[in-house]
Amino acid sequence: MRTFSGMRSVICAVLLAAAAIGSASAQGDELTPQQAERYQKLVNELRCLVCQNQSIADSSAPLAADLREQVLHQIQSGRSDAEIADYVTARYGDFVLYRPPFKASTWLLWLGPFALLLLALGVAVVFVRRRVRPAPVSPPDAARNAERLRRLLDEGSREERR
Amino acid sequence: MRLPKYVWALVPAVVLLGLVLLFAIGLQHDPRVVPSPLIGKPAPGFDLRIVGAQTPFRRDDLLGRPVLVNFFASWCAACRDEHPLLLDLARRGVEIVGMDYKDTDADGLLWLERHGSPYRTVVADPEGRAGLDWGVYGVPETYVLDAQGTIVYKQIGPLDEQTWRSKIAPLMAAGSVLQTGSR
């Protein structure tokens, strides 16, 4: 896990450097450390639609490169993170956000797992409480059982001696 | 809460049935098809030119009648699959505007010469700028525009006869005197 995330940040750094160099030569200005941090955070939170289980930071698809360039461009022109996210979702929908907003079309996605967990817990509690109900043992029964047990043990030891 | 025993025995069965239903729906769903947020919205503007020429072509040129806007490319293998249908639709009088996506004019024109052109207009989008604004993430993709320039449908991947007949033809017929139905 550690090596994986390490490799990821190396890849990100390389991509970031490449993108920064590319834009610096074209635009003549560079990202401040804060902007670079924002860039890295944004490109890691946007899903690439071509290879859907990769972020646009990880994907080598041309579309991912276009979107990285857009993110870089918009950071340089002073757009906020929310504005950049809006730009991307206006074109590709909430699906591109690894953390989609909580709204009418996504509440089931956010609350579903907790609802299922609660349901499962409820069912489990009911089942367990019904299952474990020890039969009451009344004292006379207990005495009678003890007597039977002793008789059986006596018989057993007699058999053995024989 | 005193329920008869058999009700409790049914709980796992009902849960299982629910899960089976959920998975059945999930398996029908193609995860590669991401619904576009642009459906029902005005088509994004662009300022491009016609392939192999300097004639400008803009969003306004798409208004006034229903059109199909088809993003294709000479390097796109799946575009070959839908090509016969597009040619057939063009013969039936459907106006199709081709967007030559991330392609060179020369390659695009050669490809159209080789396979035939179903397009009334072919627009060059060499950097995929219009594609990005329209939310294209893989060619072919086809947008259905009504006369006001609103995107009323989006087909992701190759168009097929079934989709044309059940989804797109009715939408286009609603906005024009297009002849539809059997060939």
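Located above this text is the structure these notes cover.
This report concerns the structure included in the present document.

Rules used in this analysis
Residues numbered from 1 in each chain as written. Chains lettered and ligands numbered in written order. Predicted model: local features only at pLDDT ≥ 70, side-chain atom pairs only at ≥ 80, totals over all residues. Helix = DSSP H or I, 4+ residues; strand = E, 2+ residues; numbered from the N terminus. Buried ≥ 20, exposed ≤ 12 C-beta atoms within 10 Å, placed from the backbone. Contact = placed C-beta atoms within 7 Å. Nonpolar A, V, L, I, M, F, W, Y, C, P; charged D, E, K, R; others polar. Pairing = 2+ DSSP bridges. Right-handed = clockwise from strand over helix to strand, strands pointing away. Axes fitted to C-alpha atoms, helices over the stretch in contact; angles between N-to-C directions. Left-handed = near helix turned anticlockwise from the far one by under 90°. Core = buried A, V, L, I, M, F, W, Y, C linked by C-beta atoms within 7 Å.

Counting its regular elements, chain A contains six helices and zero strands. Mapped from its N terminus to its C terminus, chain A presents α and β elements in the order α-α-α-α-α-α. Residues classed as buried in chain A amount to 17% of the 162 residues present. Here the contacts in chain A between residues at least 6 apart in sequence split such that 43% fall between residues at least 24 apart.

Right, let's get into the interface of chain A and chain B. Reports of interface size often rely on the accessible area that becomes lost once the parts have come together. Contacts between chain A and chain B engage 13 residues on the former and 13 residues on the latter. Residue assignment for the side of chain A that touches chain B shows that the elements contributing at least two residues are helix H3 (62–76) and helix H4 (81–92) of chain A. A per-class count over the side of chain A that touches chain B returns eight nonpolar, three polar and two charged.

Moving on, we come to the environment of B:Val94. Residues and elements named next belong to chain B. Position of Val94 among the secondary structure elements: in the loop between helix H2 (78–91) and strand E4 (96–101). Judged by the 22 C-beta atoms lying within 10 Å of it, Val94 falls in the buried class. Here the alpha-carbon distance between Val94 and Met172, two residues 78 residues apart in the chain, equals 8.8 Å.

Take the pairing of strand E5 (residues 121–125) of chain B next. Residues and elements named next belong to chain B. Across the five residues that make up E5, a large majority, four, are buried. Bridge count between strand E1 (residues 47–50) and E5: two bridges; the pairing is antiparallel. The residue of E5 that forms the bridge with Arg49 is Ala124. The sheet contact formed by E4 and E5 spans five bridges and is parallel. Directly across from Tyr101, in E5, lies its bridge partner Asp125. For the crossover that starts at E4, traverses helix H3 (residues 105–115) and ends in the parallel E5, the hand is right-handed.

Residue and element names in this part refer to chain B. For Leu21, the location among the structural elements is in helix H1 (residues 5–28). Since 10 C-beta atoms lie within 10 Å of it, Leu21 is described here as exposed. Note: C-alpha distance between Leu21 and Ala106 (85 residues apart in sequence) is 51 Å.

Moving on, we come to the sheet that holds strand E7 (residues 151–156) of chain B. All names here are of chain B. Pairing within the open sheet is mixed, and its seven strands lie in the order E2-E1-E5-E4-E3-E6-E7. The outermost strands of the open sheet, each flanked by one partner alone, are strand E2 (56–58) and E7. Averaged over all adjacent pairs, the angle separating strand axes in this sheet is 30°, with direction ignored. As judged from the three bridges shared by E1 and E2, these two strands associate in the antiparallel manner. The partner of Leu48 across the bridge, within E2, is Phe57. Running over the sheet, helix H5 (residues 161–174) touches strand E6 (141–145) and E7 and is turned about 160° from E7.

A few words now on the packing of helix H2 (residues 33–45) of chain A against H3(A). All names here are of chain A. In the contact formed by H2 and H3, the axes pass within 10 Å of each other and the chain directions differ by 145°. As H2 runs across H3, the sense of the crossing is right-handed. Along its contact with H2, which presents Gln35, Arg38, Tyr39, Leu42 and Val43, the element H3 presents Arg68, Val71, Leu72 and Ile75. For the contact of H2 with H3, the class distribution of residues is six nonpolar, one polar and two charged.

Attention shifts here to the nonpolar core. Counting residues in hydrophobic clusters, the biggest one holds 57 residues, and the most contacted among them are A:Val71 and B:Leu145. Among the elements that make up this core, the one with the highest residue count is H3(A) (six residues). For A:Val71, the contacting residues outside a window of four places in its chain are A:Tyr39, A:Leu42, A:Val43 and A:Ile84.

For the rest of this paragraph, the subject is the pairing of E4(B). All names here are of chain B. Counted residue by residue, E4 has five buried out of six residues, so it is predominantly covered. By the bridge criterion, five bridges tie strand E3 (residues 67–72) to E4 in an arrangement that is parallel. Across the sheet, residue Phe72 finds its bridge partner in E4, namely Asp100. Read from E3 through H2 to E4, the crossover connection turns out right-handed.

This brings us to the environment of A:Cys48. Residue and element names in this part refer to chain A. Tracing the backbone shows Cys48 in the loop between H2 and H3. Along the primary structure Cys48 and Ala65 are separated by 17 residues, whereas in three dimensions their C-alpha atoms are 9.6 Å apart. Excluding residues within four positions of it along the chain, Cys48 makes contact with Gln54, Ser55, Ile56, Ser59, Ala61, Leu63 and Ala64.

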